[in-house]
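# Examination of the molecular architecture
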Amino acid sequence: GDSVTQMEGPVTLSEEAFLTINCTYTATGYPSLFWYVQYPGEGLQLLLKATKADDKGSNKGFEATYRKETTSFHLEKGSVQVSDSAVYFCALSVPGANSKLTFGKGITLSVRP
Amino acid sequence: KAGVTQTPRYLIKTRGQQVTLSCSPISGHRSVSWYQQTPGQGLQFLFEYFSETQRNKGNFPGRFSGRQFSNSRSEMNVSTLELGDSALYLCASSATGVGTQYFGPGTRLTVL
(Lines give C-alpha, C1' and ligand atoms only; values in the text may rest on other atoms or scores of the structure.)
Protein backbone atom coordinates (compact mmCIF):
# COMPACT_ATOMS: atom_id res chain seq x y z
CA GLY A 1 0.00 0.00 0.00
CA ASP A 2 0.88 3.66 -0.11
CA SER A 3 2.98 5.02 2.72
CA VAL A 4 5.02 8.03 3.79
CA THR A 5 8.02 7.87 6.09
CA GLN A 6 9.29 10.92 7.90
CA MET A 7 12.42 11.28 9.96
CA GLU A 8 12.01 10.85 13.70
CA GLY A 9 11.55 13.92 15.81
CA PRO A 10 11.29 16.22 17.60
CA VAL A 11 13.71 18.69 16.09
CA THR A 12 14.99 21.73 18.01
CA LEU A 13 16.91 24.47 16.20
CA SER A 14 18.17 27.93 16.96
CA GLU A 15 16.73 30.85 15.04
CA GLU A 16 18.37 31.35 11.62
CA ALA A 17 19.57 27.73 11.47
CA PHE A 18 19.16 25.62 8.33
CA LEU A 19 16.31 23.14 8.35
CA THR A 20 15.99 19.80 6.58
CA ILE A 21 13.12 17.39 7.26
CA ASN A 22 13.38 14.11 5.40
CA CYS A 23 10.42 12.44 3.71
CA THR A 24 10.35 9.32 1.57
CA TYR A 25 7.37 7.56 0.08
CA THR A 26 6.05 4.35 -1.41
CA ALA A 27 3.15 4.65 -3.80
CA THR A 28 1.17 2.82 -6.43
CA GLY A 29 1.00 4.99 -9.49
CA TYR A 30 2.42 8.47 -9.82
CA PRO A 31 1.67 10.40 -6.63
CA SER A 32 1.34 14.09 -5.93
CA LEU A 33 3.36 15.15 -2.89
CA PHE A 34 2.54 17.67 -0.20
CA TRP A 35 3.88 19.28 2.93
CA TYR A 36 1.31 20.40 5.48
CA VAL A 37 1.97 22.39 8.67
CA GLN A 38 -0.06 22.35 11.86
CA TYR A 39 0.31 25.16 14.38
CA PRO A 40 -0.74 24.54 17.99
CA GLY A 41 -4.49 24.24 18.37
CA GLU A 42 -5.16 24.55 14.65
CA GLY A 43 -5.94 22.38 11.66
CA LEU A 44 -3.56 21.64 8.81
CA GLN A 45 -2.40 24.24 6.33
CA LEU A 46 -0.94 23.37 2.95
CA LEU A 47 2.66 24.57 2.90
CA LEU A 48 3.69 23.44 -0.58
CA LYS A 49 3.11 20.74 -3.16
CA ALA A 50 4.58 19.12 -6.26
CA THR A 51 2.78 17.02 -8.80
CA LYS A 52 5.51 15.58 -11.02
CA ALA A 53 9.14 14.57 -10.92
CA ASP A 54 11.69 17.38 -10.52
CA ASP A 55 8.98 19.89 -9.62
CA LYS A 56 10.02 22.21 -6.82
CA GLY A 57 7.34 23.44 -4.46
CA SER A 58 8.08 26.60 -2.49
CA ASN A 59 6.30 28.85 -0.02
CA LYS A 60 7.32 31.16 2.86
CA GLY A 61 10.98 30.32 2.36
CA PHE A 62 10.36 26.56 2.47
CA GLU A 63 11.25 24.39 -0.51
CA ALA A 64 10.91 20.74 -1.47
CA THR A 65 11.82 18.96 -4.71
CA TYR A 66 10.01 15.89 -6.01
CA ARG A 67 12.73 13.26 -6.53
CA LYS A 68 11.27 10.24 -8.28
CA GLU A 69 14.56 8.37 -8.46
CA THR A 70 14.97 8.43 -4.67
CA THR A 71 11.21 8.57 -3.90
CA SER A 72 11.83 11.56 -1.67
CA PHE A 73 10.37 15.00 -0.98
CA HIS A 74 12.62 16.56 1.66
CA LEU A 75 11.61 19.91 3.15
CA GLU A 76 14.24 22.64 3.52
CA LYS A 77 14.46 26.19 4.75
CA GLY A 78 17.59 28.27 4.79
CA SER A 79 16.89 30.28 7.94
CA VAL A 80 14.17 29.25 10.38
CA GLN A 81 12.27 31.64 12.61
CA VAL A 82 10.60 31.16 15.98
CA SER A 83 7.26 31.45 14.17
CA ASP A 84 8.09 28.29 12.18
CA SER A 85 7.64 26.21 15.33
CA ALA A 86 4.90 23.72 14.42
CA VAL A 87 4.27 20.12 13.38
CA TYR A 88 5.14 19.29 9.77
CA PHE A 89 3.48 16.50 7.82
CA CYS A 90 4.54 15.00 4.52
CA ALA A 91 1.69 13.50 2.50
CA LEU A 92 0.85 11.97 -0.84
CA SER A 93 -2.18 11.32 -2.99
CA VAL A 94 -2.34 8.89 -5.86
CA PRO A 95 -4.40 9.00 -9.04
CA GLY A 96 -7.71 7.26 -8.65
CA ALA A 97 -7.85 7.74 -4.88
CA ASN A 98 -9.57 11.10 -5.32
CA SER A 99 -8.92 13.31 -2.34
CA LYS A 100 -7.48 10.68 0.00
CA LEU A 101 -4.21 11.85 1.51
CA THR A 102 -1.76 9.44 3.08
CA PHE A 103 0.27 11.17 5.77
CA GLY A 104 3.56 10.57 7.48
CA LYS A 105 3.63 10.63 11.27
CA GLY A 106 4.64 14.25 11.43
CA ILE A 107 7.60 15.91 13.09
CA THR A 108 7.57 18.64 15.70
CA LEU A 109 9.89 21.55 15.06
CA SER A 110 10.81 23.93 17.88
CA VAL A 111 12.85 27.02 17.09
CA ARG A 112 14.65 28.80 19.96
CA PRO A 113 15.24 32.55 19.86
CA LYS B 1 -13.89 33.24 0.95
CA ALA B 2 -14.59 31.83 4.35
CA GLY B 3 -12.55 28.77 5.24
CA VAL B 4 -13.68 25.33 6.29
CA THR B 5 -15.65 25.45 9.52
CA GLN B 6 -16.24 22.63 11.96
CA THR B 7 -18.64 22.46 14.86
CA PRO B 8 -18.42 21.93 17.69
CA ARG B 9 -14.75 22.61 18.39
CA TYR B 10 -14.71 20.55 21.57
CA LEU B 11 -16.86 17.68 22.72
CA ILE B 12 -16.86 15.42 25.76
CA LYS B 13 -18.84 12.20 25.68
CA THR B 14 -18.96 8.97 27.67
CA ARG B 15 -18.44 5.44 26.43
CA GLY B 16 -21.42 3.98 24.62
CA GLN B 17 -22.85 7.31 23.54
CA GLN B 18 -22.99 8.50 19.98
CA VAL B 19 -21.78 11.78 18.52
CA THR B 20 -22.32 13.86 15.38
CA LEU B 21 -19.74 16.28 14.06
CA SER B 22 -20.41 18.87 11.40
CA CYS B 23 -18.29 20.35 8.63
CA SER B 24 -19.08 23.24 6.29
CA PRO B 25 -16.74 23.33 3.29
CA ILE B 26 -15.46 26.35 1.44
CA SER B 27 -18.18 27.80 -0.76
CA GLY B 28 -18.24 26.03 -4.12
CA HIS B 29 -16.32 22.99 -2.91
CA ARG B 30 -18.12 19.72 -3.56
CA SER B 31 -15.69 17.28 -1.94
CA VAL B 32 -15.45 16.80 1.81
CA SER B 33 -13.05 14.39 3.47
CA TRP B 34 -12.71 13.39 7.11
CA TYR B 35 -9.56 12.40 9.00
CA GLN B 36 -8.88 11.17 12.51
CA GLN B 37 -5.73 12.42 14.25
CA THR B 38 -4.36 10.63 17.31
CA PRO B 39 -0.91 10.69 18.92
CA GLY B 40 -0.46 6.96 18.33
CA GLN B 41 -1.83 6.47 14.82
CA GLY B 42 -1.28 9.93 13.38
CA LEU B 43 -3.58 11.15 10.63
CA GLN B 44 -5.85 8.51 9.16
CA PHE B 45 -8.36 8.90 6.35
CA LEU B 46 -11.95 8.11 7.28
CA PHE B 47 -13.99 8.81 4.16
CA GLU B 48 -14.71 11.25 1.36
CA TYR B 49 -18.01 12.55 0.06
CA PHE B 50 -18.56 14.17 -3.29
CA SER B 51 -21.93 15.47 -4.42
CA GLU B 52 -23.68 13.58 -1.61
CA THR B 53 -22.06 10.23 -2.50
CA GLN B 54 -19.39 8.45 -0.53
CA ARG B 55 -16.54 8.09 -2.98
CA ASN B 56 -13.79 6.65 -0.84
CA LYS B 57 -13.56 4.98 2.53
CA GLY B 58 -10.72 4.27 4.92
CA ASN B 59 -10.21 1.29 7.17
CA PHE B 60 -12.51 2.13 10.08
CA PRO B 61 -15.30 0.08 11.65
CA GLY B 62 -18.91 0.60 10.68
CA ARG B 63 -19.50 2.66 13.82
CA PHE B 64 -18.03 5.53 11.84
CA SER B 65 -20.39 6.88 9.22
CA GLY B 66 -21.00 10.08 7.38
CA ARG B 67 -23.21 11.87 4.95
CA GLN B 68 -23.22 14.93 2.79
CA PHE B 69 -26.09 17.26 2.09
CA SER B 70 -27.07 19.01 -1.12
CA ASN B 71 -25.33 22.20 0.05
CA SER B 72 -22.09 20.15 0.46
CA ARG B 73 -22.13 20.38 4.24
CA SER B 74 -21.12 17.08 5.79
CA GLU B 75 -21.72 15.31 9.05
CA MET B 76 -19.79 12.49 10.61
CA ASN B 77 -21.37 10.16 13.15
CA VAL B 78 -19.70 7.80 15.58
CA SER B 79 -21.94 5.37 17.41
CA THR B 80 -21.20 3.37 20.56
CA LEU B 81 -18.20 5.48 21.46
CA GLU B 82 -15.05 3.82 22.77
CA LEU B 83 -12.20 5.37 24.73
CA GLY B 84 -9.98 4.93 21.68
CA ASP B 85 -12.21 7.22 19.65
CA SER B 86 -10.78 10.19 21.54
CA ALA B 87 -9.07 12.21 18.83
CA LEU B 88 -9.00 15.36 16.78
CA TYR B 89 -11.35 14.95 13.84
CA LEU B 90 -10.40 17.04 10.84
CA CYS B 91 -12.49 17.88 7.85
CA ALA B 92 -11.04 18.98 4.52
CA SER B 93 -12.68 20.32 1.41
CA SER B 94 -11.66 20.67 -2.20
CA ALA B 95 -13.36 21.83 -5.35
CA THR B 96 -13.34 18.52 -7.19
CA GLY B 97 -11.64 16.07 -4.85
CA VAL B 98 -8.55 16.06 -7.02
CA GLY B 99 -6.07 18.70 -6.00
CA THR B 100 -5.43 20.91 -3.04
CA GLN B 101 -7.44 20.24 0.08
CA TYR B 102 -8.20 22.86 2.71
CA PHE B 103 -8.55 21.76 6.30
CA GLY B 104 -10.79 23.03 9.07
CA PRO B 105 -9.60 23.60 12.66
CA GLY B 106 -10.95 20.24 13.79
CA THR B 107 -13.25 18.95 16.51
CA ARG B 108 -11.54 17.64 19.63
CA LEU B 109 -13.54 14.65 20.88
CA THR B 110 -12.83 13.28 24.34
CA VAL B 111 -14.48 10.01 25.37
CA LEU B 112 -14.60 9.33 29.12
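Since the model is a prediction, treat every value here as computed from it, not as a measurement.

Reading guide: rules and limits
Residues numbered from 1 in each chain as written. Chains lettered and ligands numbered in written order. Predicted model: local features only at pLDDT ≥ 70, side-chain atom pairs only at ≥ 80, totals over all residues. Heavy atoms only, no water. Helix = DSSP H or I, 4+ residues; strand = E, 2+ residues; numbered from the N terminus. Rg over C-alpha atoms; globule rule 2.2 N^0.38 Å. Contact = heavy atoms within 4.5 Å. Areas by Shrake-Rupley, 256 points an atom, 1.4 Å probe, with all protein chains shown as cover. Lys, Arg positive; Asp, Glu negative; His and termini not counted. Charge placed at Lys NZ, Arg CZ, Asp CG, Glu CD. Pairing = 2+ DSSP bridges. Axes fitted to C-alpha atoms, helices over the stretch in contact; angles between N-to-C directions.

### Let's talk about the overall build of chain B
Secondary structure summary: chain B contains zero helices and eleven strands in total. The secondary structure elements of chain B, listed N-terminal to C-terminal, are β-β-β-β-β-β-β-β-β-β-β. Against the globule reference of 13 Å for 112 residues, chain B gives a C-alpha radius of gyration of 13 Å, in line with a compact fold. For chain B, the spread of C-alpha atoms along the principal axes amounts to about 35 × 25 × 25 Å. Contacts in chain B between residues at least 24 apart in sequence constitute 54% of all its contacts with a sequence separation of at least 6. Carbon and sulfur atoms provide 49% of the accessible area of chain B, an area that totals close to 5200 Å². For chain B, the distance from the average site of its 11 positive side-chain charges to the average site of its 5 negative ones is 5 Å.

### Re the sheet that holds strand β9 (residues 75-77) of chain A
Backbone hydrogen bonds are what pair the strands of a sheet, in a parallel or an antiparallel way. Residue and element names in this part refer to chain A. Taken in spatial order, the four strands make up an open sheet running β3-β9-β8-β7, and their pairing is antiparallel. At either end of the open sheet lies a strand with only one pairing partner, and these are β3 (19-21) and β7 (56-59). For this sheet, the mean angle separating the axes of adjacent strands, direction not counted, is 15°. Of the pairings in the sheet, the one linking strand β8 (residues 62-65) to β9 comprises three bridges and is antiparallel in character. In the strand pairing of β9, F62 is matched with K77.

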